[in-house]
Structure formats: C-alpha cells, structure tokens
Amino acid sequence: MFEPPVQRLIDELARLPGIGRKSAQRLAFHLLHVEEADALRLGTAIVELRRQVRLCSRCFNITGEEECSICRDPRRDPGLLCVVERAQDIAVLERTREFSGRYHVLGGAISPIEGIGPEQLRMKELVHRVETESISEVIAATNPTVEGDTTALYLARILKPLGVTVTRLASGLPVGGDLDYADEITLGRALAGRKEL
Ligand SMILES: [Zn+2]
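For clarity, every value in this text was computed on a predicted model and none was experimentally measured. (Residues numbered from 1 in each chain as written. Predicted model: local features only at pLDDT ≥ 70, side-chain atom pairs only at ≥ 80, totals over all residues. Heavy atoms only, no water.)

Asks: Mind showing me how you'd approach the sheet that holds strand β7 (residues 195–196) here?
Replies: Hydrogen bonds between backbone groups are what pair the strands of a sheet, and the pairing can be parallel or antiparallel. Strand order across the open sheet formed by five strands is β4-β3-β5-β6-β7, with mixed pairing between neighbours. Of all strands in the sheet, those with a lone pairing partner are β4 (102–105) and β7, marking the two edges. When strand β6 (residues 165–168) meets β7, the two strands line up antiparallel, connected through two bridges. When the bridges of β7 are listed, Arg-168 appears paired with Lys-195. Contacts between helix α6 (residues 123–132) and the sheet are confined to β3 (80–84), β4 and β5 (137–140), with β4 contributing the most and set at about 155° to the helix. Contacts from helix α7 (residues 146–159) reach β3, β5 and β6 within the one sheet, and its direction differs from that of β6 by about 170°. (Pairing = 2+ DSSP bridges. Helix = DSSP H or I, 4+ residues; strand = E, 2+ residues; numbered from the N terminus. Contact = heavy atoms within 4.5 Å. Axes fitted to C-alpha atoms, helices over the stretch in contact; angles between N-to-C directions.)

Asks: When you look at the pairing of β6 in this model, what are you seeing that I'm missing?
Replies: Sheet faces and side chains relate simply in a regular strand, where the side chains alternate between the two faces. Here β5 pairs with β6 via four bridges, running parallel. Its bridge partner being in β6, Glu-137 is matched across the sheet by Thr-165. With α7 bridging β5 and its parallel neighbour β6, the resulting β-α-β unit is right-handed. (Right-handed = clockwise from strand over helix to strand, strands pointing away.)

Asks: Even after reading the chapter, I still don't get a nonpolar patch on the surface, so can you show me in this structure?
Replies: Among the surface-exposed residues, Leu-49, Val-53, Leu-55 and Ile-62 lie close enough to one another that they form a single nonpolar patch of about 330 Å² accessible area. Within the secondary structure, Ile-62 sits in strand β2 (residues 62–63). (Patch = residues over 30% accessible without salt bridge, like charges linked within 9 Å, V, L, I, M, F, W, Y side chains within 5 Å. Areas by Shrake-Rupley, 256 points an atom, 1.4 Å probe, with all protein chains shown as cover. Salt bridge = Lys/Arg side-chain N within 4 Å of Asp/Glu carboxyl O.)

Asks: Please explain the layout of surface pockets as it appears in this structure.
Replies: In this approach the atoms are scanned with a rolling probe the size of a water molecule, which exposes any empty space left behind. Of the volumes computed, that of the largest pocket is approximately 430 Å³. Contributions of two or more residues to the lining of the largest pocket are made by α1 (4–14), α2 (21–33) and α3 (36–52). Residues that form the lining of the largest pocket fall into these classes: 12 nonpolar, two polar and two charged. In this model, the second largest pocket occupies a volume close to 200 Å³. Lining the second largest pocket are Pro-144, Thr-145, Val-146, Asp-149, Arg-168, Leu-169, Ala-170, Ser-171, Gly-172, Leu-173 and Val-175. Of the residues that constitute the lining of the second largest pocket, the class distribution is six nonpolar, three polar and two charged. (1 Å grid on protein atoms, 1.4 Å probe; cavity = no way out; pocket = protein on both sides within 12 Å on 5 of 7 lines; lining within 4 Å. Points joined across faces, edges and corners; volume = space filled by probe spheres on them. Nonpolar A, V, L, I, M, F, W, Y, C, P; charged D, E, K, R; others polar.)

Spelled out as structure tokens, the structure:
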C-alpha cells in the first residue's frame, strides 16, 4: 500500500504491544516528517538497547553488566528477597524507598488459561537462590490479579519447606491491575503492611 520502507516500518510498529495499524501509520508518517536527526536518534536508541543491555545473571533485572547494580550493592539486605513479575516492577518498588533487600524477576505469572506454568517462569532459579543465599523472607510482589495471587500461593507452597518466610503485599492495591497502577505511597504502605502467607 505504501512505499516498501514505509510499509516495513508500519509493520514493525504494529507488532508492538498496544499499537494498532492506525497508530503505526501515524507514527511512521510522523517519523518521516520530523528532523532526520530526531528519527535517527530513535533508531540508535533501539539498537543500543539490544546491544548494551542484558539481564542480570542473578535476579534477571535489566543491566549493562553481568550482575545489576542492586545485586552488586553491598548495602542491600541479603535476607530480604522481593519477587516480581517483570523487570519494570523493580523501578516501581524502588521509587517507594521502602525496600532495602534484593529482587527476583519471574518473567510473568502463572496463568493456566495462557498456558503459563511454573516451568515457563524463573522458579528453578528462585529456588536455587533461596537454597544458596542467606534469604530469610521472600516477598511475593506479584500483581494484584488472579494470576498474581495464584503465583504468590505457589511461591509459599514451594519455598516455605525450604525454611523461609513468604509474605504478600498488603491489600489496598488496585485489584486487577499491574503494580505500576499504584502510586508510591500506596505501594509503600502495601510493602510495609505485608502479611505472611
Ligand atoms: Zn540483579
């Protein structure tokens, strides 16, 4: 329908989450009309994201090094481990300034409907950490959704026999949404008021 380079960009943009055909077309034509340097900066940012950023070998946070800055920080409490669904949840929790431990990114939540079981998540890696690090409490900071709750209960079931306390963020978070729907104060309170599972 359009010139091949334009159509190629529209096709790629339309594959991004939350971007439909119409938005993809609008973005593509926008990039065609802005200053060339501005458009190239976006392209460079995407290339550098994939070349320079990788996942932390310990917690699967996003990092430019072998281990992320939180895992490498000796001031972090080694006894506290906060389990989240996605790497971007770490930034949300860090903004509350209520948490001094480390994190573990599962890569999602258990969802039988979508065919996601514990094997598709980084559970094995989590169990290994609980067995080898001096962790005393695991906080299930999965989303306040059915999937997040199911995952939290699963965490309690497999981790409690290993001798750690498993807690869940207190209620009060917007139900059914992602963690980042909550403001810092609400999330900070949910963290401070966490309950044992
Ligand atoms: Zn890390």
